[in-house]
Amino acid sequence: MRLPCFFIIISLLLFSFACQNTSPDYNFGGANVTNYTESVQLNYARSLSFSIDSAFNIDRIRAIIPFQQAEGQAALAILNRRNIYLYNTAEATPYRIIKLQKEGPNGIGPMGSFDGLAVVAPDTFYFVSNSTSMMYRLNGSGELLQKEIIPIASEQSTVYGNVLNPLRTAGNQLIIPAYGFTAARNFTQIPTAYVYDVRTHTFQGAFHYPKLYNQAYWGYHTFMRWSAVTYNPATDEYYVSYAIDPNVYVYDNNFRLKAQKILGSTHFTAIEPQHPNAQLRFDNGGISGENNQAYFMRTSYFAGAFYHSTLQYYMRICRIGKDENSGRGVQFSIIIADRNLNKVGEFLLPSHYVYETFFLTEDGIALLNMDKYDASENTIVFDVLSFSRI
């Protein structure tokens, strides 16, 4: 009787070992990726020009936030270096430039590349520091009204903001992006956003990483660990997109997962890790910086997402990796889906558009046109691409 039991135990151990070492399937072609019915396109509608001063640096645009004036007029806030440029969208000249102080009673400290900005009212701004995890509330003159420490849930993560993944508003809440560091022990325990209630002044961690991040080594680049949280006010739901995951996750207003749906690009149908051994994130496995950079340049991923609440379109921004065999460089596309996350189109961005410098308009998306900027360096020009049904 002991011999059969011995074989049963060995069989179970071998089966368990095989299950633990089965590599995840990183392919996601098919329905809602390469197979879909195209019914929406993006077409050029008009251009918007904004004058800039000598302090403005085209490479230092950190946030572009559309908002409404008290009278309902469309406006725009652009964070550039230590200045916030405020424009009425219909006018070229800024109506105000807020200078952010480093020190003193209105000081917000040093600024970096991944700081965030939000406009919650025409004269109320929130600034989040990536380096200090501090949040500052400022008025329309740049005066400091309040500052708080964001209670980061793990020493292996931090908060941030940029054009692709900005601070977003959802009713009385402010959604602050966060990401885990390369050597995080368990990504599924790390929030990818902190929700701040402007009424109660409380923070809550939400939207934790999928287990995919624990299953392989995805390189050291921060962009691979970014997520994009968007809000649908009509359904009071949140859509969460992760850089390496083909799924978009749907959460209710209590931050509970309701559903997930694959939404992918026709330009890539897999995102492969740099190495299947997840333990390399703790010691880097002797991988050289050169190899890390080569992996990042050739790898495609989902770089951000936005929801157009008026037109009810979900947009997933794709970064298409470099193809050395064909000589094609890095490209970018915008996946367009309806409010139920059914893919209805995909737009490959021409090279003169800067994929990480844009904002939503009432009828589409406005993208920075570098060809038009080159022609007149005291003006930046955005081309508005409107949604058109086929």
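Residues numbered from 1 in each chain as written. Predicted model: local features only at pLDDT ≥ 70, side-chain atom pairs only at ≥ 80, totals over all residues. Heavy atoms only, no water.

**Q** Account for the nonpolar core, with residues named and values stated.
**A** Phe207, Trp218 and Tyr314 are the most contacted members of the largest nonpolar core, which totals 71 residues. In this structure Phe207 touches Ile190, Pro191, Thr192, Ala193, Val195, Val229, Tyr238, Val240, Tyr242, Tyr251 and Phe255, once residues within four positions along its chain are discounted. Counting residues in each nonpolar core, the second largest holds 20 residues, with Leu48, Phe50, Val163 and Leu368 among its members. (Core = buried A, V, L, I, M, F, W, Y, C linked by side-chain atoms within 4.5 Å. Buried < 20%, exposed > 50% of the residue type's maximum accessible area, 1.4 Å probe, protein only. Contact = heavy atoms within 4.5 Å.)

**Q** I'd like a rundown of the sheet that holds strand 20 (residues 313–320), residues and numbers included.
**A** Strand order in the open sheet formed by four strands is 19-20-21-22, with antiparallel pairing between adjacent strands. Strand pairing shows two members of the sheet lacking a second neighbour, strand 19 (301–308) and strand 22 (343–348), which therefore form its edges. Neighbouring strand axes in the sheet, compared pairwise and without regard to direction, differ in orientation by 20° on average. One ladder, built from seven bridges, connects strand 19 with strand 20; its direction is antiparallel. Among the inter-strand pairings, Ala305 is bridged to a residue of strand 20, identified as Arg316. (Pairing = 2+ DSSP bridges. Helix = DSSP H or I, 4+ residues; strand = E, 2+ residues; numbered from the N terminus. Axes fitted to C-alpha atoms, helices over the stretch in contact; angles between N-to-C directions.)

**Q** I'd like a description of the sheet that holds strand 3 (residues 74–80), backed by residues and values.
**A** The strands making up a sheet are joined through hydrogen bonds of the backbone, oriented either antiparallel or parallel. The strand order across the open sheet formed by four strands is 2-3-4-5, and the pairing between neighbours is antiparallel. Edge positions in the open sheet fall to strand 2 (61–68) and strand 5 (96–99), since each of these has one partner strand only. Each strand of the sheet is rotated relative to its neighbour by a mean of 20°, with strand direction disregarded. In the sheet, strand 2 pairs with strand 3 via seven bridges, with the strands oriented antiparallel.

**Q** Before we move on, could you go through empty space enclosed by the protein and cite the residues and values that matter?
**A** If you walk through the whole model with that rule in mind, you get two cavities of 30 Å³ or more. Space inside the largest cavity adds up to approximately 60 Å³. Taken as a whole, the second largest cavity holds about 50 Å³ of empty space. Taken together, the elements giving at least two residues each to the lining of the second largest cavity come down to strand 12 (173–180), strand 13 (191–197) and strand 15 (227–232). No other element matches the three residues that strand 15 contributes to the lining of the second largest cavity. (1 Å grid on protein atoms, 1.4 Å probe; cavity = no way out; pocket = protein on both sides within 12 Å on 5 of 7 lines; lining within 4 Å. Points joined across faces, edges and corners; volume = space filled by probe spheres on them.)

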